[in-house]
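Geometric and topological summary
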Amino acid sequence: MGTLARRGIVLLAAVASITTACTAAPSQRPAIVVNDGPLEQVAPPPVGASQVPVPPLEEPTRSSITWADCDEVIKNRLTIYNVPSVPVQCGRVQTILDSPSLPGRSPMRLSVLKAGTGKAPIVVVSDIQGEPGTVKAARLAASLPPEFLTKFSLIGVDRRGSGSSEPVRCIQEDIRLDIVNSDPAAEDLEDLLDVVRQAGQQCIIALENRLYAMDTWRTAADLEKVREALGLQRLSAIGIGEGARVLGVYGDRFPDRVGRMVFDGLPDPSGDSMVTMDGAATGAEATFAEFAKDCVARNCALGPDPKQTFLDLIRKLRASPIPSVDAGLTAGGATRAVLIGLANRSGWPALADAIAKARDNDGAALVSYIKPLVNDSREQPTALDIGLVTGCNDTKTRLAVERLNTTGKEWRTRHPLFGGVMAQNLVLCSAWSVAAQPPLAINGRGLPPIVVISTATDPVTPQAGTERAAQQLPSAVLISWQGGGHGALGQSPCATDAVRAFLGDGKVPAAGMACPP
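Bear in mind the structure is a predicted one, so any value in this text is a computation, not a measurement.

Side note on the overall build of the chain
- Within the chain one finds 17 helices and nine strands.
- For the chain, buried positions account for 61% of its 517 residues.
- Within the structure as shown, the chain displays about 18,500 Å² of accessible surface, and the carbon and sulfur contribution to it stands at 53%.

Below, the structure written as structure tokens:
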């Protein structure tokens, strides 16, 4: 199986926004709510230099986590995700489910992993749609300079409902396949809407009162339990992509507990999925252009025009999918596989090879990119279910099918590679019940300096959206990496050094710092 880094992040990007969970009764069926305009926007706070100093770097004084060898499930998971070997230990943190129907009740266990020997713990929060937080922390540790891990230890957290933190499993495999394999060229999105409606009904039945407890608001409260268990006065953390928004919500909920924080790819602050997905489509097209340029420079197997090779492959698959023993490769599956693969900059050579193999009628390598969304096992719980549930609990935006079809036609013209996928992503929550609470807007008032990193061509959290989000945080200090992929840490030596100096020495980088590709 090919590398699984950042797998599954992009398919569900549409359902990540700054809103909070649904509070409708679990027995209700999903309702279609029409919203043909943007959500009411919250005015951004005034931009100005933070007056709060950088908090001191802490070492735990009374940690209650029992660290031990990781069990075979986690060891096998690290192998499946092709994580380079690093010394790790595992533990558990007790939290509360806190369902709207059972507020403040029902215990829940979070799985945590420690990589590194340093005394200062830095919590890692990853995208809910990607690889589990424990895996992400181990992978990030393997990419960082060794001296970083002698001063710090990275604490990966499997967010509620993911990895080994009581994973959510509620959608039947055939429904997952229908979602992943849906053709981005389809002019009528009604069929996909019907499939999503079935997924929502299955999750209501399977999860009952757990359904509406899977959201960003409660995940932020989980991090407060992690802070307490680590024995810290303040939480220092790295948030990657949508995980950075979780840390932003944590800062709003627990401002006096914020330590040194880094947001690597903060999502667009707009509460309107139309705006978010249009930006993601633009970012994805730009990322593929960089991938193609890199491919040609390496004289890769896709020839002098990788974009045309990819488009030819999609047309071929639309006419005749490639069968396989476990999951065939369709036009929809291949498009999503490439979109997912673009997020991992270091994996671009492998992605080019996978596209070339599919062109030659071997689809197995591309199928491996979407397997984490569809397949489900103890070692690798499906990423689609928890991504869909959390994302739809977090957003109130719903669009009528007529608006979806019109948008799809427009985006397929403007964004020929990925516009159809992004329009389909708008459908994913359109048959789910909506949150009763108003959208959450991160304000970040009264917080110490926060380092925010944008990436020039990012298919998940595009640079323009990250910059808009940083402008709304009074204490944000922006670093711009002129590279490609999702996440700069471990990829850009310049950005990594700046983060090391901030986390270790409290040195705030110069505002507007730019890092070369």
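Observations regarding the pattern of salt bridges
- Applying the stated criterion across every chain yields a total of 25 salt bridges.
- Its salt-bridge partner being Lys151, residue Asp505 comes within 3.7 Å of it at the nearest N-O pair. With Asp505 in helix H17 (residues 493-505) and Lys151 in helix H3 (residues 148-151), the pair connects residues that are 354 residues apart, well separated along the chain.
- Taking relative accessible area as the criterion, Lys151 reaches 35% and is therefore assigned partly exposed.
- A network of salt bridges, in which partner residues are shared, links Arg159, Glu242, Arg245 and Asp394.

Some remarks on the sheet that holds strand S1 (residues 88-96)
- One open sheet accounts for nine strands, arranged S1-S2-S4-S3-S5-S6-S7-S8-S9; its pairing is mixed. Of all strands in the sheet, those bounded by a partner on one side alone are S1 and strand S9 (513-515). Across this sheet, the average inter-strand angle for adjacent strands is 25°, counted without regard to direction.
- Here strand S7 (residues 450-457) pairs with strand S8 (residues 476-484) via seven bridges, running parallel. Within the sheet, the bridge partner assigned to Ile453 lies in S8 and is Ile479.

Examining the side chain of Ser165
- With respect to the helices and strands, Ser165 occurs in the loop between strand S4 (152-157) and helix H4 (173-181).
- Residue class for Ser165 comes out buried when judged on its relative accessible area of 0%.

Considering the state of the cysteines
- Throughout the structure, instances matching the rule amount to five disulfides.
- Two residues share a disulfide in this structure: Cys392 and Cys429, whose sulfurs sit 2.1 Å from each other. The sign of the -95° torsion about the S-S bond sets the Cys392-Cys429 disulfide as left-handed. Of the two residues, Cys392 sits in helix H13 (residues 383-394) while Cys429 sits in the loop between helix H15 (419-425) and S7, which places them 37 residues apart along the sequence.
- Overall, the relative accessible area of 4% leaves Cys429 in the buried class.
- With its sulfur 2.0 Å from that of its partner, Cys494 forms a disulfide with Cys515.

Here we look at H17
- Its 13 residues give H17 an end-to-end C-alpha distance of 17 Å, which sits within 8% of 18 Å, the value for a rise of 1.5 Å per residue.
- Of the positions making up H17, those classed as buried are Ala495, Thr496, Ala498, Val499, Ala501, Phe502, Leu503 and Gly504.
- Following H17 by one or two positions, Gly506 has its phi on the positive side, about 70°.

Section: unusual backbone geometry
- The phi angle at Ser106 is positive, at roughly 75°, despite the residue not being glycine.
- Residue position: Ser106 is located in the loop between S1 and strand S2 (107-115).
- Of the residues examined, Ser106 reaches a relative accessible area of 27% and is grouped as partly exposed.

Concerning the environment of Ala220
- Counting through the fold element by element, Ala220 comes out in helix H6 (residues 216-230).
- Setting aside its immediate chain neighbours within four residues, Ala220 contacts Val246, Val249, Tyr250, Arg253 and Phe254.

As for the packing of aromatic side chains
- Taken as a whole, this structure holds seven aromatic pairs when the rule is applied.
- When the ring of Tyr250 is compared with that of Phe254, the centres are 5.1 Å apart and the planes differ by 40°; the resulting orientation is tilted. Neither residue differs from the other here; Tyr250 and Phe254 are each classed as buried.
- Among the aromatic residues, ring-to-ring pairing joins Phe288, Phe291, Phe310, Trp348 and Phe418 into one connected group.

Rules used throughout
Residues numbered from 1 in each chain as written. Predicted model: local features only at pLDDT ≥ 70, side-chain atom pairs only at ≥ 80, totals over all residues. Heavy atoms only, no water. Helix = DSSP H or I, 4+ residues; strand = E, 2+ residues; numbered from the N terminus. Buried < 20%, exposed > 50% of the residue type's maximum accessible area, 1.4 Å probe, protein only. Areas by Shrake-Rupley, 256 points an atom, 1.4 Å probe, with all protein chains shown as cover. Salt bridge = Lys/Arg side-chain N within 4 Å of Asp/Glu carboxyl O. Pairing = 2+ DSSP bridges. Axes fitted to C-alpha atoms, helices over the stretch in contact; angles between N-to-C directions. Disulfide = S-S within 2.5 Å. Expected span 1.5 Å × (residues − 1). Contact = heavy atoms within 4.5 Å. Phe/Tyr/Trp six-rings, centres within 6.5 Å; stacked < 30°, edge-to-face > 60°.

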